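# Structural overview for review
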Amino acid sequence: MAQVYRSGRLYGTGRPARTTPHEVRTRTFAPRWRGVDPDQVRQFQAQVADELADLHRQVRELAQENGRTKQALRDWRPLHARECRAPNSGHW
């Protein structure tokens, strides 16, 4: 489970820990008589590919949510400006 700091303490996010770029760069495989174990390589490639696919999906969803939020704010501004009262002209 991935760990995230909140208020100086760790808590689980409910998601498995993500592979870091450093882990990908430094990953070693068990040596074999004729090189690395091809099954280990394929398993690692599948894991990285799955994580990348998930990240691309998350980026796409967040971009869509960001667009919806921006549009809602654009729609809200003129309505708020019309309903907003002029500031009080008193001392306070």
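Being a predicted model, the structure only gives us computed values, none of them experimental.

With that settled, consider the overall build of the chain. Across its full length, the chain holds two helices and four strands. The secondary structure elements of the chain, listed N-terminal to C-terminal, are β-β-α-β-β-α. The proportion of buried residues among the 92 residues of the chain is 7%. A separation of at least 24 residues holds for 24% of the contacts in the chain among residues at least 6 apart in sequence. Summed over all atoms, the accessible surface of the chain reaches about 8,700 Å², with 55% contributed by carbon and sulfur.

Here Arg74 is to be found in helix 2 (residues 38-83). A distance of 3.1 Å separates a polar atom in the side chain of Arg74 from a polar atom in the side chain of Gln71.

Let us look at the confidence of the model for the chain. On average, residues of the chain carry a pLDDT of 78, and 73% of them reach 70 or more. The spread of mean pLDDT over the elements of the chain runs between strand 1 (residues 3-6), the lowest at 53, and helix 2, the highest at 89.

Before going further, it helps to examine the UniProt feature "coiled-coil region" (unreviewed entry) in the chain. Per the UniProt record, "coiled-coil region" (unreviewed entry) is found at residues 45-72. Taken end to end, residues 45-72 is 100% helix and 0% strand, and its first and last C-alpha atoms sit 40 Å apart.

A word on the packing of aromatic side chains. Scanning the model with the defined rule gives one aromatic pair in all. Ring geometry for Phe29 and Phe44: centres 5.8 Å apart, planes at 75°, overall edge-to-face. Residue Phe29 is found in the loop between helix 1 (21-26) and strand 3 (31-32), and its partner Phe44 is found in helix 2; the two are separated by 15 residues along the sequence. With relative accessibility at 22%, the residue Phe29 sits in the partly exposed group.

Relative to the elements of secondary structure, Asp37 occurs in the loop between strand 4 (35-36) and helix 2. A polar atom in the side chain of Asp37 sits 3.1 Å from the backbone nitrogen of Asp39. Apart from the residues lying within four places of it in its own chain, the contact partners of Asp37 are Ala30 and Arg32.

So, on to the pattern of salt bridges. In the structure shown here, the tally under the stated rule is three salt bridges. Residues Asp39 and Arg42 are paired through a salt bridge, measuring 3.0 Å at the closest nitrogen-oxygen approach. Of the two residues, Asp39 and Arg42 both sit in helix 2, three residues apart, roughly one turn of that helix. Between Asp54 and Arg57 there is a salt bridge, and its shortest N-O distance comes to 2.6 Å. A residue pair is termed a helical-turn pair when its members lie 3 or 4 positions apart in one helix, as Asp54 and Arg57 do in helix 2 at three residues.

Definitions and limits used
- Residues numbered from 1 in each chain as written.
- Predicted model: local features only at pLDDT ≥ 70, side-chain atom pairs only at ≥ 80, totals over all residues.
- Heavy atoms only, no water.
- Helix = DSSP H or I, 4+ residues; strand = E, 2+ residues; numbered from the N terminus.
- Buried < 20%, exposed > 50% of the residue type's maximum accessible area, 1.4 Å probe, protein only.
- Contact = heavy atoms within 4.5 Å.
- Areas by Shrake-Rupley, 256 points an atom, 1.4 Å probe, with all protein chains shown as cover.
- Polar contact = N/O pair within 3.5 Å; in protein donor to acceptor, adjacent residues only side chain to side chain.
- pLDDT = per-residue confidence, 0-100.
- UniProt positions renumbered as here; feature names shortened; annotations may be inferred.
- Phe/Tyr/Trp six-rings, centres within 6.5 Å; stacked < 30°, edge-to-face > 60°.
- Salt bridge = Lys/Arg side-chain N within 4 Å of Asp/Glu carboxyl O.

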